[in-house]
Amino acid sequence: MPVGLNESVKEWASLATKQERYKRYIADKNRKQASFISLEGFNDIINGQAETALKGNSMDSGTKEEPQSEWRNMVSRETDTVENINGASSLFEVEQYFAEGTFDIYIYSSFDEMLLENVLTEMFHYGIGAQRSVGKGGFRLKGRGERFGGFRCPLNPDSFVALSNFVPGRDDPTDGFYKAFVKYPKVSYTENPEDSPFKKPILFLQAGSNFRVQPVKEMYGSCVENIALKDGAVSDRIIIGAYTIAIPCCLT
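Residues numbered from 1 in each chain as written. Predicted model: local features only at pLDDT ≥ 70, side-chain atom pairs only at ≥ 80, totals over all residues. Heavy atoms only, no water.

### Re the packing of aromatic side chains
This model, assessed by the stated rule, comprises nine aromatic pairs. Ring centres 5.5 Å apart and planes at 65° place the aromatic pair Phe-124 and Phe-139 in the edge-to-face group. Note that Phe-124 is positioned in helix H5 (residues 113-126) and Phe-139 in the loop between H5 and strand S5 (159-162), a separation of 15 residues in sequence. Pairing Phe-148 with Phe-151 gives two aromatic rings, centres 5.1 Å apart and planes at 70°, and the pair type is edge-to-face. Given a relative accessible area of 27%, Phe-151 falls into the partly exposed group. Connected via pairs of aromatic rings, a cluster forms that spans Phe-160, Phe-166, Tyr-178, Phe-211 and Tyr-220. (Phe/Tyr/Trp six-rings, centres within 6.5 Å; stacked < 30°, edge-to-face > 60°. Helix = DSSP H or I, 4+ residues; strand = E, 2+ residues; numbered from the N terminus. Buried < 20%, exposed > 50% of the residue type's maximum accessible area, 1.4 Å probe, protein only.)

Here it is as structure tokens:
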């Protein structure tokens, strides 16, 4: 005998039509593919109104341009060469997007506004990120900075949203929704031939991760130590501050 709906459920629940199921599929697909969201949409989401944010076209799946592929070779940490023990290489493909036009950035800083603007101008001129040595990560500031007015946080939050990639601390919450990825950071420069330009691979949680916790603290994350060599030995002077600002939200 095939298993069907419980009799008590049949009295009040009805099966969705094919058109309704298709609409739900498209809505879920758009939500999963969304990479960017407007400030208004984010405020709706942290207040438990995700459907409103989606219907209002505040979610964007990102740039519509095709990614540019680039082949790279993994360097062995033991031999500092691209050749493995068995003689095979470790080629892998990386997809890259190149932004055009203008866009807004938000920076959390304790610097004076004028000092922050001067620092950012210098940083963006020379480029930021691991690929700045080949001309990537360069920006130009347009106009003057404006002070951010803050988010429309709920009065009774039951969780938080991470605004940046982070490494959870030992006492950070674990019940939530998140994606993890491995980051392969590099040291900006080395002074000793015995030192490697690569730090150890680190497992991060992605920005936008959501965790249930009450009350919500201002920040979560940890300081990662012992990740690189200095003067031929593992050094505690090279660290990564893997923290995130926590934005209170309503998950239910």
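### Some details on the sheet that holds strand S9 (residues 210-212)
Strands belonging to one sheet form pairs held by backbone hydrogen bonds; the direction of such a pair is parallel or antiparallel. Strand order in the open sheet made by the five strands is S6-S9-S5-S13-S10, with antiparallel pairing throughout. Of all the strands in the sheet, the pair left with one neighbour each is strand S6 (176-177) and strand S10 (219-224). The pairing of S5 with strand S13 (residues 240-249) spans four bridges and is antiparallel. What sits directly across from Val-161, in S13, is Ile-247. (Pairing = 2+ DSSP bridges.)

### Thoughts on the side chain of Ser-159
Examined against the element boundaries, Ser-159 turns out to sit in strand S5. Classification of Ser-159 as buried rests on a relative accessible area of 0%. Within polar-contact distance, the side chain of Ser-159 engages the side chain of Asp-158 at 3.2 Å. Non-local contacts of Ser-159, meaning those with residues more than four positions away in its chain, are made with Asn-210, Phe-211, Arg-212, Val-213, Val-216, Ile-247, Pro-248, Cys-249, Cys-250 and Leu-251. (Polar contact = N/O pair within 3.5 Å; in protein donor to acceptor, adjacent residues only side chain to side chain. Contact = heavy atoms within 4.5 Å.)

### A short note on the environment of Thr-244
Its location among the elements puts Thr-244 in strand S13. Along the backbone, Thr-244 and Val-167 are 77 residues apart, and their C-alpha atoms lie at a distance of 8.6 Å. Ignoring sequence-local partners within four residues, the contact set of Thr-244 consists of Ala-162, Leu-163, Ser-164, Phe-166, Glu-218, Met-219 and Tyr-220. Reaching out from Thr-244, the side chain makes a polar contact with the backbone nitrogen of Leu-163 at a distance of 3.0 Å.

### Description of the environment of Ala-246
Looking at where Ala-246 falls in the secondary structure, it is placed in strand S13. With 85 residues separating them in the primary sequence, Ala-246 and Val-161 have C-alpha atoms 5.7 Å apart. Ala-246 has contacts with Phe-160, Val-161, Val-216, Lys-217, Glu-218, Met-219 and Tyr-220, leaving out every residue within four places of it along the chain.

### A word on the nonpolar core
Membership of the largest hydrophobic core is limited to 10 residues, which are Val-167, Val-187, Ile-202, Phe-204, Val-224, Ile-227, Ala-228, Ile-238, Ile-240 and Ala-242. Counting residues per element, the ones that place at least two in this core are strand S8 (202-205) and S13. Ignoring any residue separated from it by four or fewer positions in sequence, one finds Ala-228 in contact with Val-187, Lys-199, Ala-233, Val-234, Ser-235 and Ile-238. Judged by nonpolar contacts, the second largest core, of eight residues, contains Phe-160, Ala-162, Leu-205 and Phe-211. (Core = buried A, V, L, I, M, F, W, Y, C linked by side-chain atoms within 4.5 Å.)

### Comments concerning unusual backbone geometry
Omega for the bond connecting Gln-214 with Pro-215 falls within 30 degrees of zero, at -5°, which places this linkage in the cis form. Turning to its location among the elements, Pro-215 is positioned in the loop between S9 and S10. A positive phi angle is found at Asn-226, which is not glycine, with a value near 55°. Within the secondary structure, Asn-226 sits in the loop between S10 and strand S11 (229-230). A relative accessible area of 39% means that Asn-226 is categorised as partly exposed.

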